[in-house]
Amino acid sequence: MITIDCREIESYKHELAVFVADWIGAIPTMKLHEFVLSPIEDEYLDTEKIVKGVREFFASLGETANFAVLPKDEIILIKSLSTRTFVKEKQPESMFTCTHCGYVTQYEGLLQTHMKLHYL
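Read on for an overview of the structure.

Cut-off values and rules
Residues numbered from 1 in each chain as written. Predicted model: local features only at pLDDT ≥ 70, side-chain atom pairs only at ≥ 80, totals over all residues. Heavy atoms only, no water. Core = buried A, V, L, I, M, F, W, Y, C linked by side-chain atoms within 4.5 Å. Buried < 20%, exposed > 50% of the residue type's maximum accessible area, 1.4 Å probe, protein only. Helix = DSSP H or I, 4+ residues; strand = E, 2+ residues; numbered from the N terminus. Polar contact = N/O pair within 3.5 Å; in protein donor to acceptor, adjacent residues only side chain to side chain. Contact = heavy atoms within 4.5 Å. Salt bridge = Lys/Arg side-chain N within 4 Å of Asp/Glu carboxyl O.

1. Considering the nonpolar core
Considering soluble globular proteins, one finds that nonpolar side chains tend to be buried as a cluster. Counting residues in each nonpolar core, the largest one holds 23 residues, and the members touching the most others are Ile4, Leu16, Leu37, Ile50, Val54, Phe58 and Ile78. For this core, the secondary-structure elements that each account for two or more residues are β1 (2–5), α1 (13–24), β3 (34–39), α2 (47–61), β4 (67–72) and β5 (75–80).

Here it is, written out as structure tokens:
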């Protein structure tokens, strides 16, 4: 299991977890200021591949130069290189989240359809 500390990008924690989990094929588990990636089977999680996935997430947001991704053993720390705060725009209040993968939508029907896909 690999822990990714997201204290400095708290508002993007869920999106990062889903992106990286899809990138490497792992199961994300959300915690207060971090998330943990667990292998799907008895596979080894490659820390370098996870770091590359985190950097790719920042590249998709155009924020590559503003964050450092620091791996140490089984913890990956994300540090801001600038003084500006990295906060996502506020989403509508009625949001529905998938308990399996963290998928977020504002439509309950879409979430129910998404949840069915986990059981196929």
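2. Here's the deal with the side chain of Thr105
Mapped onto the elements, Thr105 comes out in strand β7 (residues 104–105). On the basis of relative accessibility, which here comes to 6%, the residue Thr105 falls in the buried class. Looking at Thr105, its side chain comes within polar contact range of the main-chain nitrogen of Tyr107, at 3.3 Å. Look past the residues within four positions of Thr105 in its chain and what remains in contact with it is Met95, Phe96, Leu110 and Leu111.

3. Observations concerning the environment of Val54
Relative to the assigned elements, Val54 resides in helix α2. Exposure remark for Val54: the relative accessible area of 0% places this residue in the buried category. For Val54 and Trp23, which are 31 residues apart along the polypeptide, the C-alpha to C-alpha distance reads 9.1 Å. Discounting residues that sit within four places of it in the chain, Val54 has contacts with Ile4, Leu16, Val20, Val69 and Ile78.

4. Remarks on the pattern of salt bridges
The full count for this structure, using the stated rule, is 3 salt bridges. Residue Glu8 is joined to Lys79 by a salt bridge in which the shortest nitrogen-to-oxygen separation is 2.9 Å. Placement of the pair is Glu8 in the loop between β1 and α1 and Lys79 in strand β5, with a sequence separation of 71 residues. Looking at Lys79, the relative accessible area reads 34%, which means it is partly exposed.

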